[in-house]
Number of protein chains: 2
Amino acid sequence: MKFFRLYFTLLIVALASQTRARAQDPLPSWNDGPTKQAILDFVSATTETGGAKFVPPEERIATFDQDGTLWVEHPIYSQVIYCLARVPLLAKEKPELKNVEPFKTVLSGDFEAISKLSLPELEKIAVLTLTGMPTDEFQAEVKKWLATAKDPRWKRPYTELTYQPMQEVLKYFRANGYKTYIVTGGGQDFVRVYAEEVYGIPPEQVVGSAGATKYSYDKDGKPILTKEPKLLLNDNNAGKPENIHLMIGRRPYAAFGNSTGDRQMLEYTKAGDGARLCMLVLHDDKEREYAYGPAQGLPSTKVGTFTQPLYDEAKKDGWSVISMKRDWKRIFSFEN
Amino acid sequence: MKFFRLYFTLLIVALASQTRARAQDPLPSWNDGPTKQAILDFVSATTETGGAKFVPPEERIATFDQDGTLWVEHPIYSQVIYCLARVPLLAKEKPELKNVEPFKTVLSGDFEAISKLSLPELEKIAVLTLTGMPTDEFQAEVKKWLATAKDPRWKRPYTELTYQPMQEVLKYFRANGYKTYIVTGGGQDFVRVYAEEVYGIPPEQVVGSAGATKYSYDKDGKPILTKEPKLLLNDNNAGKPENIHLMIGRRPYAAFGNSTGDRQMLEYTKAGDGARLCMLVLHDDKEREYAYGPAQGLPSTKVGTFTQPLYDEAKKDGWSVISMKRDWKRIFSFEN
């Protein structure tokens, strides 16, 4: 009897501590290992009052690329799908588009031909679909599209295709006093429409590629801002640290990316004093998401290229490479 | 005896409630009147849960021009004084400047001649003194200058020449969940050096005129950002709402300015739905600060021009004009 009582007591204690450990794990969708540990160690070191690596709360800035880092970017960026989806709607208002390339190809619905559009052709589509309207109208259009459009593979809204492990990192950083910023090559106005709802990141903490706007008055004399076909900020490569300086004015303590477009942001972050955390997501999980590099012998891609030199720089400079396959217990929140 | 007890009790109650009223006044440096009341009413209306004009905390954005709105801008902007002060120091490194205009004039120390420099000449001085160096080095130089430079009239550091009534407005707004932003025609990098210490406004909440930066590597391979002689954002006039959209991505609920350069920011703010507060500081107090317009018959000026049409637009659109003379009990914190 006494033995059983002791046994049950120990069992209850063991179960309770297990439950507690699970409840306290801020990163439950990450497998245990050096990558997860690096995140935990960094946050712990930079928030420990009196510690050698303590960072004052006002300086706690963490920046996150979006496409391929926070959500799915393959086979093509969601914003490009938005632009293509807008073409038939605009062709109703402007029937002349039906006879002009590249819009004719987009309207043909020939996916093979569409996927072969050149960069200048895609730029023409971007100018047509992303500029020329008041900022308010653009926001309303994006919102409407997001509510109905679905990714063909998962048959879910694009906004559900965010990586659960990264959502946990965002929350964990914020719970520890970090301001989380998106620093994306994608359109700033586009991402701002959903960033607050999807990532808990307010518009003023979204830095992205941005066109100029023009202030004027409508026929009733009411001020409007119109999106102009003039690129102001190209938030890729060197543009990332340059725009971090412009928009935030502080060097981040942590930066997350997944492609060569994020290299300079991570270099700039790492070059600061004290503890700095730099991480790159490697898409090496064809079954659960996608596999592309060409680093580590993965298939080449034009969308979110992760080259071997980038991989080597990461290893040399002490950045962590997150293996989706190895480090992430689950990818999406809707998985069991 | 009983009478005295009652008398003292009443006196104590009266004194206590007076003290309480004073302690509770968030704007003690403002004289009572419609201007102060407009601020109190706006904050009260937009923060009253369930009220018709309630604004959710995440949307509470208030923008403030700096020169002439938060601190003294006469006889000339502090940043221009910084630029002029840098010329002799740079001439030590580059003696050839001594024979080249407009630097020769600046080095002559002839205030009369310096005050007559043209805009293109001042631009040459700005390019020399504000660009070409790493961002870190620029910040260090500005910090050093601010620590020693003094305004000739008050014989105090420029950072002490902030308006106490406006400091109270900043604090009052923040205490009510508003994010306070500086939106200045001055240099973003310049203002960011002291905005946190002087106004409690962090670098990421300073929007200003900004030059491009260029990402590169120093001789040791360390990343650096260099300030380029290329204007990226001109944060005056229509540039103010355009850059508010770029940098913040939300329309402000309150905006404060003092010159024609703030007109579009106030129009844009006022054009939003619900309660909006727009205010302009009118410098009509020659004794305690300066007097300039030319609105309301005040002397004309090139620095912080407040025209009569701006005054008329304010009256027509329901913006408040703050009279320094009438509305401000004291101007600076160092006054008795």
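Since this is a predicted model, take the numbers as computed values, not measurements.

About the criteria used
- Each chain has its residues counted from 1, following the order in which its sequence is written.
- Labels follow written order: the first chain is A, the first ligand is 1, and so on.
- Predicted model: local features are reported for residues with pLDDT of at least 70 only, side-chain atom pairs are reported and counted for 80 or more only, and whole-chain, interface and lining totals are derived from all residues.
- Remark: hydrogens and water are excluded; side-chain values derive from all non-hydrogen atoms of the structure.
- Whether two strands pair comes down to DSSP finding at least two bridges between them.
- By the criteria applied, helices consist of DSSP H or I runs no shorter than four residues and strands consist of E runs no shorter than two, each listed in order from the N terminus.
- Residue contacts follow a heavy-atom distance rule, with two residues in contact if any of their heavy atoms lie within 4.5 Å.
- For this analysis, a salt bridge means a side-chain nitrogen from Lys or Arg found within 4 Å of a carboxyl oxygen belonging to Asp or Glu.
- Any pair of nitrogen or oxygen atoms within 3.5 Å is treated as a polar contact; in protein, a donor-acceptor pairing is required on top of that, and neighbouring residues in sequence qualify only through side-chain atoms on both sides.
- Amino acid classes used here: Ala, Val, Leu, Ile, Met, Phe, Trp, Tyr, Cys and Pro are nonpolar; Asp, Glu, Lys and Arg are charged; the rest, including Gly, are polar.
- As a per-residue measure, pLDDT reflects the predictor's confidence and takes values from 0 up to 100.
- Where helices are involved, their axes are fitted lines through C-alpha atoms of the stretch in contact, as for all axes, and angles between N-to-C directions lie from 0 to 180°.
- Throughout, the term roughly parallel applies to angles under 35 degrees, roughly antiparallel to angles over 145, roughly perpendicular to angles from 65 to 115, and oblique to all others.

### Some thoughts on the pairing of strand β3 (residues 206-217) of chain A
All names here are of chain A. Where strand β2 (residues 179-187) lies against β3, 4 bridges are found, and the strand directions are parallel. In the strand pairing of β3, V183 is matched with V207. By the bridge criterion, 7 bridges tie β3 to strand β4 (residues 223-233) in an arrangement that is antiparallel. Counted as the bridge partner of K214 is T226 from β4. Hairpin connection between β3 and β4: a loop of 5 residues separates the two successive antiparallel strands, and G221 in this loop has a positive phi of roughly 85°.

### Examining the interface of chain A and chain B
Tallying the contact residues gives 40 residues for chain A and 40 residues for chain B. Here chain A and chain B share 7 salt bridges between them. Taking the shortest distance from any N to any O, the salt bridge between E196 of chain B and R250 of chain A comes out at 3.3 Å. Summed over the shared surface of chain A and chain B, the number is 24 residue pairs in polar contact (both at pLDDT 80 or more). If you list the elements that add at least two residues to the side of chain A that touches chain B, you get α7 (135-148), β2, α9 (188-199), β3, β4, α10 (239-247) and α11 (263-270) of chain A. Among the residues forming the side of chain A that touches chain B, the class breakdown is 18 nonpolar, 8 polar and 14 charged.

### Some points on the confidence of the model for chain A
The predicted model of chain A averages 94 in pLDDT, with 93% of residues at 70 or higher. Predicted as a complex, the structure gets a pTM of 0.93 and an ipTM equal to 0.92.

### So, the packing of helix α10 (residues 239-247) of chain B against helix α11 (residues 263-270) of chain B
Residue and element names in this part refer to chain B. Their axes nearest at 7 Å, the elements α10 and α11 cross at an angle of 55°. Relative to α11, α10 is oriented oblique. In this structure, α10 contributes K240, P241 and I244 to the contact, and α11 contributes Q264, M265 and Y268. Each residue belonging to the contact of α10 with α11 can be placed in one class, and the counts come to 4 nonpolar, 1 polar and 1 charged.

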